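Tertiary structure, described
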Amino acid sequence: MQPAASMPRPRKRFLVQNGGNAEIEVTRARGNYVYDARGRKYIDFIMGWCVGNFGWARPALRRRVHAFDGPDYVYPNYTYEPWRELARLLVGLAPNGLSRCCRATGGSEAVELALQAAMLHTGRRKFVAIEDAYHGNTLGALSVGDGDDAVRVVSVARLKPPLDGDALDRLETRLKRRDVAAVIMEPIAMNLGVLIPGTEFMDGIVPLCHRYGTLVVMDEVATGFGRTGKLFACEHYDVQPDMMTIAKAATGGAAGIGALLVRDDLAETLERDGNVYSTYGWHPLSVDVAIANLLWIKRNQRRLLRQVDRTSAYFVKRLHAMAFPEEPEIRARGLAIAVDVRDETYAERVAKKCRTRGLLLDPQESVLLMLPALNVDRATARDGLDILEACL
Ligand SMILES: Cc1ncc(COP(=O)(O)O)c(C=O)c1O
């Protein structure tokens, strides 16, 4: 028998998991707090990474889950009125021109559908993506993201930040070969430590791509539903994408869902030549939760987004006043907040110390990433930032 010390730790025995704070054994989550198996309470400035945008265990969504009396399941080839209702709601909230929705189980599947639509519609097989981006864990999504070369299944050219006028020129050079099906990117790159593209780049990208027959996919899986201070991050710019992916905060975490929103002509291509069958895409319970959540967001949109702006200003002011060992770069749009402390080991150490003192934030290389609930109250925001300040 092996000595106890080299026995696999329990979490490694059956489950495959990589990255992150796996030492936190979650038992409960309420509002802005996560509780662990040792009874510890943490202020959550990660919120499931852009999932619980309005706090955990929201009573209205909890009630909806418990009261759900619809069908267990609807076969994807039937029709179902709540599917149409949710599609209508999403289209009503989304940027102009996106008029139809494909059902998906989550963000990666939505991204796959976008890649499929782009390839079918243009007859091309190549993509352009931002260097080191992340778009999900399926093979197509990994290929356009930072996946290992060994799993790359579509050909991708990488556009290196900063995303400015010069990047637009570099993109044009690549597009001139007229073999790129689509450019895919996050309008504000949460996965690149809140990388904020310049206005010249974003306002120019769609006309430039269209000049060379290339489509534009905006991945709003993380930024969607208010995170950056607009309902969708695209709205910070004058940009009308051909396709948009959403997931995460659409249900606030109470159920799983994803969607690809497309223009009419792309919807027709997918219906004619594609495959949009998804066994668990838009499960009836998830649809019910998403409808309740989106109706609430729609009704409270202006108040919520104003609160995001105010809270964002508070975070930024506090962060600027903190004594970091080296002047950090603070990048913030709404409550997507990145503090680049320019030292990966230091960022990891600070995040760990915060964790022991009851604050969860996400270290991404040299960046401390904060994604608090969009309706976090001032007292909780202050308590969390006080912990961070004490841990520097
Ligand atoms: C920008 C972006 N796109 C796509 C995905 C994949 O979404 P999912 O994990 O729901 O498949 C993620 C996940 O973090 C993401 O951040």
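Residues numbered from 1 in each chain as written. Predicted model: local features only at pLDDT ≥ 70, side-chain atom pairs only at ≥ 80, totals over all residues. Heavy atoms only, no water.

**Brief notes about the packing of aromatic side chains**
Tallied over the entire structure, the rule returns 7 aromatic pairs. Seen in terms of ring centroids, Phe-45 and Phe-315 are 5.3 Å apart; in terms of plane orientation they differ by 55°. Their pairing is tilted. Of the two residues, Phe-45 is situated in the loop between strand E3 (41-44) and helix H2 (47-50) and Phe-315 in helix H10 (residues 284-320); the sequence distance between them amounts to 270 residues. Looking at Phe-45, the relative accessible area reads 1%, which means it is buried. A ring pair is formed by Phe-54 and Trp-296, whose centres lie 5.1 Å apart and whose planes are at 75°; its orientation type is edge-to-face. Here the residue Phe-54 occupies a position in the loop between H2 and helix H3 (59-67), and Trp-296 occupies one in helix H10, the gap between them amounting to 242 residues. Members of the aromatic cluster, joined through ring pairs, are Tyr-75, Tyr-78 and Tyr-277. One cation-aromatic arrangement involves Arg-58 over Trp-296; the distance from NZ or CZ to the ring centre is 4.3 Å. (Phe/Tyr/Trp six-rings, centres within 6.5 Å; stacked < 30°, edge-to-face > 60°. Helix = DSSP H or I, 4+ residues; strand = E, 2+ residues; numbered from the N terminus. Buried < 20%, exposed > 50% of the residue type's maximum accessible area, 1.4 Å probe, protein only. Lys NZ or Arg CZ within 6 Å of the ring centre and 35° of its normal.)

**A word on the packing of H10 against helix H12 (residues 378-391)**
In a packed pair of helices, the relevant descriptors are the angle between the two axes and the axis-to-axis distance. The interhelical angle for the contact between H10 and H12, taken along N-to-C directions, is 20°, at an axis separation of 11 Å. The angle between the axes of H10 and H12 places the two elements in the roughly parallel class. Crossing handedness for the pair H10 and H12: right-handed. Listed contacts from H12 to Arg-310, Thr-311, Tyr-314, Phe-315, Arg-318 and Leu-319 of H10 are Arg-378, Ala-381, Arg-382, Leu-385, Asp-386, Leu-388 and Glu-389. Here the residues of the contact of H10 with H12 are counted per class, giving 6 nonpolar, 1 polar and 6 charged. (Axes fitted to C-alpha atoms, helices over the stretch in contact; angles between N-to-C directions. Parallel < 35°, antiparallel > 145°, perpendicular 65-115°, else oblique. Left-handed = near helix turned anticlockwise from the far one by under 90°. Contact = heavy atoms within 4.5 Å. Nonpolar A, V, L, I, M, F, W, Y, C, P; charged D, E, K, R; others polar.)

**Description of the domain arrangement of the protein chain**
Under the domain assignment, the protein chain is made up of domain 1 (4-57 + 302-391) and domain 2 (64-296). Each of domain 1 and domain 2 has a C-alpha centre, and these two points are 26 Å apart. In this assembly, 26 residues from domain 1 lie in contact with 22 residues from domain 2. Joining domain 1 to domain 2, the criterion identifies 0 salt bridges. Taken together, the connections running from domain 1 to domain 2 amount to 8 residue pairs in polar contact (both at pLDDT 80 or more). It is H10 that contributes the most residues to the side of domain 1 that touches domain 2, 5 residues altogether. In terms of residue class, the side of domain 1 that touches domain 2 is built from 18 nonpolar, 4 polar and 4 charged. (Domains from an automatic or database assignment. Salt bridge = Lys/Arg side-chain N within 4 Å of Asp/Glu carboxyl O. Polar contact = N/O pair within 3.5 Å; in protein donor to acceptor, adjacent residues only side chain to side chain.)

**Thoughts on empty space enclosed by the protein**
By the definition in use, this model includes 2 cavities of 30 Å³ or more. At the level of elements, helix H4 (81-93), strand E10 (258-262) and H10 are the ones that each hand at least two residues to the lining of the largest cavity. Taken together, the residues of the lining of the largest cavity break down into 9 nonpolar, 1 polar and no charged. Of the pockets and cavities examined, the second largest cavity occupies roughly 30 Å³. Looking at the second largest cavity, the residues that line it are Phe-54, Phe-225, Gly-226, Leu-231, Ile-297, Gln-301, Leu-304 and Leu-305. The two domains that each donate at least three residues to the lining of the second largest cavity are domain 1 (4-57 + 302-391) and domain 2 (64-296). (1 Å grid on protein atoms, 1.4 Å probe; cavity = no way out; pocket = protein on both sides within 12 Å on 5 of 7 lines; lining within 4 Å. Points joined across faces, edges and corners; volume = space filled by probe spheres on them.)

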